[in-house]
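# A look at the structure
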Amino acid sequence: MAGKEQKAGKKSYIKFLMWMALGGVIGGMCGAGFVFFEEGVEAGFEAAYLWIGSHLVILIGMLLVAAVVISIICYRKGEAIIKQCREIEDDDNQDVIDKRYSFWGNIGMTGTSIILYLAFPLLTFGFEIQRKTNINNFVWSTVLFVAIGVVCGFYQVAAIKQIRRKEPLKQGDAADWSFKKDWIAGCDEAEKQQMYEAGFHAFTSTKSILLFASVIAMMCELSFGNGLSAVILLTVCNILSVIIYTYHCMKPHIPI
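What you are looking at is a predicted structure, and each value in this text was computed from that prediction instead of being measured.

### Details of the overall build of the protein chain
- When you go through the protein chain residue by residue, the secondary structure sums to eight helices and zero strands.
- Looking at the protein chain residue by residue over its 256 residues, the buried ones come to 30%.
- Sequence-distant contacts in the protein chain: of pairs separated by 6 or more residues, those separated by 24 or more amount to 70%.
- Entry remark: accessible area of the protein chain is about 16,600 Å², with carbon and sulfur atoms responsible for 68%.

Given below as structure tokens:
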């Protein structure tokens, strides 16, 4: 047994060195690609930068509409499902309805979070152009951005209150600093286990994503030097972490 454990330990080190070598190869290929295609990539970034800047109000307005639509649909779906819960006594049907409620709740929470994350880089991209060329458009973009934050925040607070009406044992107010502590205290052991597993998956995945994003940000900064690549990458990391966490929360309820 001791010999097998020693061999397994050596294999672990070898695997780690192989992963490092693979990372070096991928990094080298990406670096070579940036060198060979630097002008084309920079031109593409510049074109996207100018296009977003000239259409900033429309893009942020579309995000605001999407936030309103998602919030209304998901909240109303939740209300309809709560009414069904009060009328059904069969445990099997209750489980199906709970899964439907969880699905729409996760769609609403994840959707509004992603919309808010997307609004930040859009406003950042448009800031330099609009403040120099059309200050009125930038002001309207800022107003729409604030409206997105209000809509998404209000929906998430309302969704938590809706969950508490459906499950009176749940605790916490989404607008309080102690919300996370209070919410976990009101969850049963199965729900806590699900949250911990989803959080672990999101944490380990985000570590790898951030490492990869740091390398790309370094290359972009060396090549372009405008600092906007970091904004894009942080947005992507935020969105991916939310999606990964939501997926693992919903995974037990997805029929295989």
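### Details of the layout of surface pockets
- Taken as a whole, the largest pocket holds about 1,600 Å³ of empty space.
- Lining the largest pocket are 45 residues; nearest its centre among them are Asn-106, Ile-163, Trp-183, Met-195 and Tyr-245.
- Put simply, the parts of the chain that give the lining of the largest pocket at least two residues each are α3 (56–87), α4 (91–133), α5 (135–166), α6 (179–185), α7 (189–223) and α8 (228–250).
- At 12 residues, the largest contribution of residues to the lining of the largest pocket is made by α4.
- Among the residues making up the lining of the largest pocket, the classes are represented as 21 nonpolar, 15 polar and nine charged.

### Quick word on the confidence of the model for the protein chain
- This prediction gives the protein chain a mean pLDDT of 77; 73% of its residues lie at or above 70.
- Taken element by element, the protein chain is modelled with least confidence in helix α1 (residues 2–36), mean pLDDT 65, and with most confidence in α3, mean pLDDT 90.

### What about the nonpolar core?
- Membership of the largest hydrophobic core comes to 18 residues, with the highest contact counts inside it found for Ile-60, Leu-63, Ile-115, Leu-122, Leu-123 and Ile-148.
- Going through the elements one at a time, α2 (38–54), α3, α4 and α5 are the ones with two or more residues in this core.
- For this core, the leading source of residues is α3, giving six residues.
- Listed in part, the 11 residues of the second largest apolar core include Ile-81, Cys-85, Tyr-101 and Ile-163.

### Remarks on a nonpolar patch on the surface
- Where nonpolar side chains cluster on the molecular surface, the patch consists of Ile-135, Val-139, Trp-140 and Val-143 and spans about 400 Å² of accessible area.
- Mapped onto the fold, Val-143 is located in helix α5.
- Of the residues examined, Val-143 reaches a relative accessible area of 44% and is grouped as partly exposed.

### Regarding the pattern of salt bridges
- Within this structure, the stated rule accounts for five salt bridges.
- In this structure, Arg-165 and Glu-79 form a salt bridge, with 2.2 Å as the shortest nitrogen-oxygen distance. Taken together, the residues span a long stretch of sequence, with Arg-165 in helix α5 and Glu-79 in helix α3 at a distance of 86 residues.
- Here Arg-165 falls in the partly exposed class, since its relative accessible area comes to 39%.
- Where Glu-191 meets Lys-170, a salt bridge forms, and the shortest distance between an N and an O atom there is 3.0 Å. Taken as a pair, Glu-191 in helix α7 and Lys-170 in the loop between α5 and α6 lie far apart in primary sequence, 21 residues in all.
- For Lys-170, a relative accessible area of 6% gives the class buried.
- Each of Lys-166, Glu-167, Lys-170 and Glu-191 takes part in salt bridges that share partners, so that together they form one network.

### Describing the side chain of Ser-71
- The topology assignment puts Ser-71 in helix α3.
- Using a relative accessible area of 8% as the deciding quantity, one classes Ser-71 as buried.
- The residues contacting Ser-71, other than those within four sequence positions of it, are Thr-112, Val-151 and Tyr-155.

### Some points on the environment of Lys-99
- Locating Lys-99 in the fold gives a position in helix α4.
- Taking relative accessible area as the criterion, Lys-99 reaches 38% and is therefore assigned partly exposed.
- The sequence separation of Lys-99 and Met-250 amounts to 151 residues, and the corresponding C-alpha distance is 8.7 Å.

### Focus on α5
- The terminal C-alpha atoms of α5, which comprises 32 residues, lie 47 Å apart, in line with the 46 Å expected from a rise of 1.5 Å per residue.
- Along α5, the residues classified as buried are Phe-138, Ser-141, Leu-144, Phe-145, Ile-148, Cys-152, Tyr-155, Ala-159, Ile-160, Gln-162, Ile-163 and Lys-166.

### Quick look at the environment of Ile-216
- Counting through the fold element by element, Ile-216 comes out in helix α7.
- As a C-alpha pair, Ile-216 and Leu-233 span 17 residues in sequence and 8.3 Å in three-dimensional space.

### Here's the deal with the packing of aromatic side chains
- Tallying each qualifying case throughout the model produces two aromatic pairs.
- Centroid distance Phe-103 to Trp-104: 5.4 Å. Interplanar angle 80°. Geometry classified as edge-to-face.
- Ring centres 5.0 Å apart and planes at 80° place the aromatic pair Phe-120 and Phe-145 in the edge-to-face group. Here Phe-120 is found in helix α4, whereas its partner Phe-145 is found in helix α5, with 25 residues between them in sequence.

The rules behind each value
- Residues numbered from 1 in each chain as written.
- Predicted model: local features only at pLDDT ≥ 70, side-chain atom pairs only at ≥ 80, totals over all residues.
- Heavy atoms only, no water.
- Helix = DSSP H or I, 4+ residues; strand = E, 2+ residues; numbered from the N terminus.
- Buried < 20%, exposed > 50% of the residue type's maximum accessible area, 1.4 Å probe, protein only.
- Contact = heavy atoms within 4.5 Å.
- Areas by Shrake-Rupley, 256 points an atom, 1.4 Å probe, with all protein chains shown as cover.
- 1 Å grid on protein atoms, 1.4 Å probe; cavity = no way out; pocket = protein on both sides within 12 Å on 5 of 7 lines; lining within 4 Å.
- Points joined across faces, edges and corners; volume = space filled by probe spheres on them.
- Nonpolar A, V, L, I, M, F, W, Y, C, P; charged D, E, K, R; others polar.
- pLDDT = per-residue confidence, 0-100.
- Core = buried A, V, L, I, M, F, W, Y, C linked by side-chain atoms within 4.5 Å.
- Patch = residues over 30% accessible without salt bridge, like charges linked within 9 Å, V, L, I, M, F, W, Y side chains within 5 Å.
- Salt bridge = Lys/Arg side-chain N within 4 Å of Asp/Glu carboxyl O.
- Expected span 1.5 Å × (residues − 1).
- Phe/Tyr/Trp six-rings, centres within 6.5 Å; stacked < 30°, edge-to-face > 60°.

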